[in-house]
Amino acid sequence: MSFRLANRAGQAVLLDGQDYWALGTDPMDALARPQELHDRWAGRGAPDGQVTRAELGPPVPTPMQVFGYGLNYMDHIQELDREDPLGSAASEAPVVFTKFPTCLVGPAAPVKLVGDHCDYECELVAVIGTETRDVDESEAWDRVAGIMIGQDISDRELQSAAIPPQFNLGKSRESFGPTGPALVSVDLVDNPDDLAISCRVNGELRQNSRTSYLMRPVAEMVAYLSSVLTLYPGDLIFTGTPGGVGHAQGLYLKPGDVIRSEIEGLGMMENPCV
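Treat the numbers as computed from the prediction; the structure is a model and nothing was measured.

Engineer: So what exactly am I meant to see when it comes to the environment of Gln151 here?
Structural biologist: Residue position: Gln151 is located in strand β11 (residues 144-151). Taking the relative accessible area as the measure of exposure, Gln151 reaches 1% and is therefore buried. C-alpha separation for the pair Gln151 and Ser261, spaced 110 residues apart in sequence, amounts to 7.5 Å. Sequence-distant contacts of Gln151, that is, excluding residues within four places in its chain, are made with Lys99, Tyr120, Glu121, Cys122, Phe176, Gly177, Pro178, Cys199, Phe238, Ile259, Ser261 and Met269.

Engineer: Sorry if this is basic, but what is going on with the pairing of strand β18 (residues 267-272) here?
Structural biologist: Each regular strand shows side chains that alternate between the opposite faces of the sheet. Both strand β17 (residues 258-263) and β18 contribute to a ladder of 6 bridges, which runs antiparallel. Looking across to β18, one finds that Glu262 is bridged to Met268. Where β17 folds back on β18, the antiparallel hairpin that results is connected by 3 residues, among which Gly265 adopts a positive phi of roughly 80°.

Engineer: For this particular structure, what's the right way to read unusual backbone geometry?
Structural biologist: Trans peptide bonds make up most of the peptide bonds, and negative phi angles are found at most residues other than glycine. Looking along the chain, the bond that leaves Ile163 and enters Pro164 is cis, with omega of -5°. Topologically, Pro164 is positioned in the loop between α4 (156-159) and β13 (177-184). Omega for the bond connecting Gly180 with Pro181 falls within 30 degrees of zero, at -10°, which places this linkage in the cis form. Along the chain, Pro181 turns up in strand β13. Phi angles above zero are rare outside glycine, and Ala9 is one such case at about 55°. Along the chain, Ala9 turns up in the loop between β1 (4-8) and β2 (11-16). Notably, Leu71 is not glycine yet its phi reads approximately 50°, a positive angle. Within the secondary structure, Leu71 is located in the loop between β6 (66-70) and α3 (74-79). The class for Leu71 is buried, based on a relative accessible area of 16%.

Cut-offs and rules
Residues numbered from 1 in each chain as written. Predicted model: local features only at pLDDT ≥ 70, side-chain atom pairs only at ≥ 80, totals over all residues. Heavy atoms only, no water. Helix = DSSP H or I, 4+ residues; strand = E, 2+ residues; numbered from the N terminus. Buried < 20%, exposed > 50% of the residue type's maximum accessible area, 1.4 Å probe, protein only. Contact = heavy atoms within 4.5 Å. Pairing = 2+ DSSP bridges.

Note that all results are geometric; they support no functional claim without further evidence.
Right, here's the structure in full:
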């Protein structure tokens, strides 16, 4: 089922470039009716107008659950001098944390920095489309409504403040979850398991990879999480970030910086830091 679902000032719209078609409901309600989204996309006529990126909010603004996968690209593990989580039987379980949903903002929203150790992490975000429990990996993509770009902004100081370290709070400050610009149905990309992903800060390329390098691909993530708990429509899975994060280079975000995040077939986000 094909669609590009966006959030224009709290209202669901279909988005194609800058053109939009109003759906007359909120994004969460629209997401719950994927067949209607497909029908409206297939039968769309003249657009209702044009939208700027600044008008867009998070495509899925109020998910019940937001999951994050850590250490899911080998080059990111290596730059942090961490052990391969797949390298021993004792580490078979993935590194999973949560981003509290109140951190979610749109694809042009300001990122409100706190302290001197805030970092960027460009990620593919998968969005669950149907209630899912104990799904087999071979059927997991069928439970995904669509995919979008995400930034897992991280306060590294807060992330490591506790002993042992915990990720949740340091990744959930206000505005630390830019997503967008639209939720794109999986059929609208050539291969959802192999998409170019990149991040630039002030025009400088910092991250440049492909989602085919995910150590645990999307289907495996969905299957694993659904073996632990029930996944609900609208739940988000931040799938992990490739190498090139600022923390590994001592290059933390500063007020005035602009983070540009891109994923092949999904568009681009550009978030200023304040």
